[in-house]
Amino acid sequence: MSDEILKLILAELKSLKKGQEELQEVVSAIHASQETMSAEMEGMRKEMQQNFAQVSRHMRMLESDFDLIGKRQFENEKQINRLKGLHEQ
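Now for a look at the structure at hand. Not measured: the values here are computed from a predicted model.

**Re the overall build of the protein**
No. 1: Of regular secondary structure, the protein possesses one helix and zero strands.
No. 2: Of the roughly 8,800 Å² that the protein leaves accessible, carbon and sulfur atoms contribute 60%.
No. 3: Once the 13 positive and 16 negative side-chain charges of the protein are each reduced to a mean point, those two points are 10 Å apart.

**Quick look at the pattern of salt bridges**
No. 1: Tallied over the entire structure, the rule returns two salt bridges.
No. 2: Here Glu-42 ties to Arg-45 by a salt bridge, and the two come within 2.4 Å at their closest N and O atoms. Here Glu-42 pairs with Arg-45, and both are found in helix α1 (residues 3–88), just three residues apart, close to one helical turn.
No. 3: Residue class for Glu-42 comes out partly exposed when judged on its relative accessible area of 32%.

**Looking at the environment of Val-26**
No. 1: Within the secondary structure, Val-26 is located in helix α1.
No. 2: Since its relative accessible area comes to 44%, Val-26 is described here as partly exposed.
No. 3: Note: C-alpha distance between Val-26 and Leu-62 (36 residues apart in sequence) is 53 Å.

**Notes on the environment of Asp-3**
No. 1: Relative to the helices and strands, Asp-3 resides in helix α1.
No. 2: Note on Asp-3: relative accessible area 56%, which makes it exposed.

About the thresholds
- Residues numbered from 1 in each chain as written.
- Predicted model: local features only at pLDDT ≥ 70, side-chain atom pairs only at ≥ 80, totals over all residues.
- Heavy atoms only, no water.
- Helix = DSSP H or I, 4+ residues; strand = E, 2+ residues; numbered from the N terminus.
- Areas by Shrake-Rupley, 256 points an atom, 1.4 Å probe, with all protein chains shown as cover.
- Lys, Arg positive; Asp, Glu negative; His and termini not counted.
- Charge placed at Lys NZ, Arg CZ, Asp CG, Glu CD.
- Salt bridge = Lys/Arg side-chain N within 4 Å of Asp/Glu carboxyl O.
- Buried < 20%, exposed > 50% of the residue type's maximum accessible area, 1.4 Å probe, protein only.

Set out below in structure tokens:
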């Protein structure tokens, strides 16, 4: 082989190596971005779980309050009916 052909082969190999290094940098950047996104998604998942738990607690409290209001209303109506009955006699 002539020196000219060897130089062309060497230049091509250097070009391929440079391209491979560039691809490796891109892959590394994608991997780093993926790790960042995964961490952010995990944080969002935890935040959503906390928010859901908080909403569930508030709903239980509201249901309890509505139950109490219903019981008080029933007692008030019962007493009103008794008073009406006493008044009508």
